[in-house]
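Topology and contacts: notes
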Amino acid sequence: MPSSFGFFKKKDKLEPDKVSQPAETSEMVLVSEVQSILQKAEDLMVQKLSSRLSEMHSSAAGSYKDLAKIADDLEKEKVKLDEDAKRFGPTIENARRTIVATLRREAAAELVVPTTLADVKKFRDRLEASMNRFGEATGSHSKLMNFFLSKQSDKMKGEFENLSGLLKNIRSLMAEFEERRAPMVKCGNTVNTVLQKAASIKSAEAAIAHLAEKIESAEKDLEKTKLEYDSLKASNDFSAAEQTAEKLQQIEKRISEFNGSIINLFSHASRAFGKYSYGVSKETERLLDVMMQEPWKIFYENDSSQYVALLNQISQSISSGQMPIKDSERILRHLNSIVASMPELQNSAKALLKEKQDLAVGNAKELVQKARMLQDSIMRQTEEVSHYRQELDLENKQMLEKKSEIDRHLLEASEALSDITGKRHTVCL
């Protein structure tokens, strides 16, 4: 039975042949070509591995052939049993049939010639499966076989030991192969990372170009808006319009305050308005709604006599007791106060309205509104340009980081490829 077949001699390493080169010599290699170089280096390692396994394959094939012959001999061999041993006869026959069937099945199975890495793995797996099945078939019957069929049992044991030794050597060679192949796998992964990052950089460059276009367009729009705003502010009408608009804003504020005071005035009598609303006509109900919800409208109308009449009717109903109400005296005072102040309030409302109408002549408000709109546009467009510039800075920063990572990975791939092939290489995009 062969032992290690000289598989572990230092002069017969699994790495590809290396040729020493002057330190200053370096071959430029495109990153897209590295995988092909790595594949050639791996193919050379596989070729050497296959060559070293060929004798082991022959030895294993010989053992399987011998096991097939042992199965035939085992099946034909006569077992002599004395009277005391006859009781083991059925068990012995059962063990013999099991072992014979297992030996023949394993011997008949294809034993792949290891010419590729996949074949090498199949060869190893084939031996592992056989040894497991042999162990299962013979394990529980070993004592009977050794005692009653010792001749064939010794032969089987010898072949099993040979196959077991071969399997051990194959595992060792495979472990050595994977250890030496690991730098190739790592180099290949590094190259794939470079290619992925390079593609990512192309996408980033397209995004940067698109952002640059958006910035240019946004800056043109901003400049156009600024020119329009400056032109508007420089016009003769704008200064006067701005003063008029300020006065309009002040009168609108006074009108708003006036309307608020009217709401406050009528709110003190709201309980009476609500109670009086039951069972009245639709027109009276409309007048009551105005007094409760929007009483300031009364004073901007030309004729408020209908409201005065309604307020007097409500006061009469409370005074006569026709409409009982809590705090009637206080509410009556409020109603009388409203009626008494209505002429003066109506004059104030009309004066405010006229003042607003006089100021509203011309396009002063429109000019000021347009200026404010342009200011808002300038602010919005300025923020938009700033946002695009931030995005552009971020994209440029990320792209520089990716380029730096690519440079680092290219250096790693160059060093790994040089170590694998024994020839200085510089990997580049």
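Here the residue index of a chain counts from 1 through its sequence in written order. pLDDT decides what is reported in this predicted model: residues at 70 or higher carry local features, side-chain atom pairs at 80 or more are listed and counted, and totals for whole chains, interfaces and linings draw on all residues regardless. Excluding hydrogens and water, the side-chain figures rest on all heavy atoms present in the structure.

Structural notes on unusual backbone geometry
Working note: non-glycine residues mostly have negative phi, and peptide bonds are mostly trans. Even without glycine at this site, Asp 327 takes up a positive phi of about 55°. The topology assignment puts Asp 327 in the loop between helix H9 (305-319) and helix H10 (328-359). Buried means the residue's accessible area, taken with a 1.4 Å probe over protein chains only, is under 20% of the maximum for its type, while exposed means over 50%, and partly exposed covers the values in between. By relative accessible area, Asp 327 is classed as partly exposed at 40%. The way it works is that DSSP assigns letters per residue, a run of H or I at least four long becomes a helix, a run of E at least two long becomes a strand, and they are numbered from the N terminus.

Observations regarding the packing of aromatic side chains
Geometry of aromatic contacts follows a simple scheme: Phe, Tyr and Trp rings, the Trp one being its six-membered ring, pair when their centres are within 6.5 Å, and the pair is stacked under 30 degrees between planes, edge-to-face over 60, tilted otherwise. As enumerated under the stated definition, the model contains four aromatic pairs in all. Centroid distance Phe 134 to Phe 160: 4.5 Å. Interplanar angle 25°. Geometry classified as stacked. In this pair, Phe 134 sits in helix H3 (residues 117-139) while Phe 160 sits in helix H5 (residues 150-234), placing the two residues 26 residues apart along the sequence. Exposure remark for Phe 134: the relative accessible area of 2% places this residue in the buried category. The interplanar angle of 70° and the centroid separation of 6.3 Å between the aromatic rings of Phe 266 and Phe 299 together place this pair among those described as edge-to-face.

Quick look at the confidence of the model for the protein
Scored by pLDDT, the protein comes out at a mean of 84, with 86% of its residues at no less than 70. Segment residues 1-13 is flagged for pLDDT under 50; beyond a separation of four residues in sequence, or across chains, it makes 25 contacts in the model. Here residues 17-22 is modelled with pLDDT under 50, and outside its nearest four sequence neighbours on either side it reaches twelve contacts, counting other chains as well. Residue-level confidence of the predictor is what pLDDT reports, using numbers from 0 through 100. Pairs of residues are marked as contacts when any of their non-hydrogen atoms sit within 4.5 Å.

Thoughts on the packing of H9 against H10
A pair of packed helices is characterised by two quantities: the angle between their axes and the separation of those axes. The axes are straight lines fitted to the C-alpha atoms, using for helices just the contacting stretch, and the angles between their N-to-C directions are given from 0 to 180°. Between H9 and H10, whose axes approach to 10 Å, the crossing angle comes to 160°. In terms of axis orientation, H9 runs roughly antiparallel to H10. The two elements H9 and H10 cross, and the hand of that crossing is left-handed. In contact with Tyr 307, Val 308, Leu 311, Asn 312, Ile 314, Ser 315, Ile 318 and Ser 319 of H9, H10 contributes Ser 328, Ile 331, Leu 332, Leu 335, Asn 336, Ile 338, Val 339 and Met 342. When residue character is reported, Ala, Val, Leu, Ile, Met, Phe, Trp, Tyr, Cys and Pro are called nonpolar, Asp, Glu, Lys and Arg charged, and the others, Gly included, polar. Its residues assigned to classes, the contact of H9 with H10 shows eleven nonpolar, five polar and no charged. Convention used here: angles under 35 degrees read as roughly parallel, angles over 145 as roughly antiparallel, angles from 65 to 115 as roughly perpendicular, and any remaining angle as oblique. Working rule for handedness: look at the near helix, and if it is turned counterclockwise from the far one by less than a right angle, call the crossing left-handed; if clockwise, right-handed.

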